[in-house]
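Given next are the chains, with one letter for each unit.
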Amino acid sequence: KLLVTVYGDKLYFSDIKDLIPTESSSEDSLMLVQKLCEKWAKEQLLVQKAKINLPLNLQDVQSQVDSYEKSLLIYSYQKELLNQKLDTLVDDDEIESYYEKNKQNFVLSGAVVKVNYIKLKKEVPYLWKVQHLFKKEDEESRLLLEDYCYQFADDYYIDDSWLRVDDILKILKDKYNSRKLYEGKSIEFSDIDNYYFLYVKKYLSKGSVSPFEMVRNQINSIIINRRKIDFLKNVEMDLYQNALSKNYVRYEKN
């Protein structure tokens, strides 16, 4: 059954019947058919306008479609190859070797620190324990401090990970006016409700080489990405050489 004609192009019911749910009522089906017809008619009108108004070089979209189809096929094939065959395990020696050879590429854009930071309510017991322990760096002291903080601290950070100084200063903002941190600096202060303790265990200034721990995951990703590039280049070259040897690819002699 013919439904609508636009500039000689025809839309039949058979063209859209698969878009209509079988469980729809007659009224709903009719409404959907009307909407689909209207949508199709508008598209045809826009196509006609485009053919009239666009220059010929912009009307040739088939080459663009072909190019996109090829790119999509190649991408899907390469992705499947990588999923099946690429080795994504990178050992520590390879990561450390890359770091040592490329330190100049891992310069800090801002200062970083390792700190002990503790926030306590003023009524907490055994405050002397924190005052005694928060500047110590041996493992036993760290474990004792962590146990105390777990029980009594409102907020604390005594991990050995590197943090950006800007993030630490944000924590201190409006509580303690400190624009300068350095290795070995300790800060103790309070407000109406809380005590605050900060000890700078390590400090690296802007322009220093990033600590290995900070860039380890980044280097791991770099190595894997390089493997991907090399793997795909080798696959492409092997495919090409094999096709040449079997005369699937022939260059015409001038």
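The notes below deal with the structure included here. Remember, it's a predicted structure, so these values are computed and weren't measured experimentally.

## Here we look at the pattern of salt bridges
Scanning all chains against the criterion turns up eleven salt bridges. With its nearest N and O atoms 2.9 Å apart, the salt bridge here joins Glu38 to Lys42. You can see Glu38 and its partner Lys42 sitting in helix H2 (residues 26-53), four residues apart, about one turn around the helix. Residues Glu43 and Lys39 are paired through a salt bridge, measuring 2.8 Å at the closest nitrogen-oxygen approach. Note that Glu43 and Lys39 are positioned in helix H2 at a spacing of four residues, about one turn of the helix.

## Section: the packing of helix H4 (residues 62-85) against helix H9 (residues 212-245)
Across the interface, H4 lies against H9 with an axial gap of 11 Å and an inter-helix angle of 115°. Between H4 and H9, the angle falls in the class roughly perpendicular. In this structure, the crossing between H4 and H9 has a hand that is right-handed. On H9, the residues that touch Gln78, Leu81, Leu82 and Lys85 of H4 are Lys228, Phe231, Leu232 and Val235.

Cut-offs and rules
- Residues numbered from 1 in each chain as written.
- Predicted model: local features only at pLDDT ≥ 70, side-chain atom pairs only at ≥ 80, totals over all residues.
- Heavy atoms only, no water.
- Salt bridge = Lys/Arg side-chain N within 4 Å of Asp/Glu carboxyl O.
- Helix = DSSP H or I, 4+ residues; strand = E, 2+ residues; numbered from the N terminus.
- Axes fitted to C-alpha atoms, helices over the stretch in contact; angles between N-to-C directions.
- Parallel < 35°, antiparallel > 145°, perpendicular 65-115°, else oblique.
- Left-handed = near helix turned anticlockwise from the far one by under 90°.
- Contact = heavy atoms within 4.5 Å.

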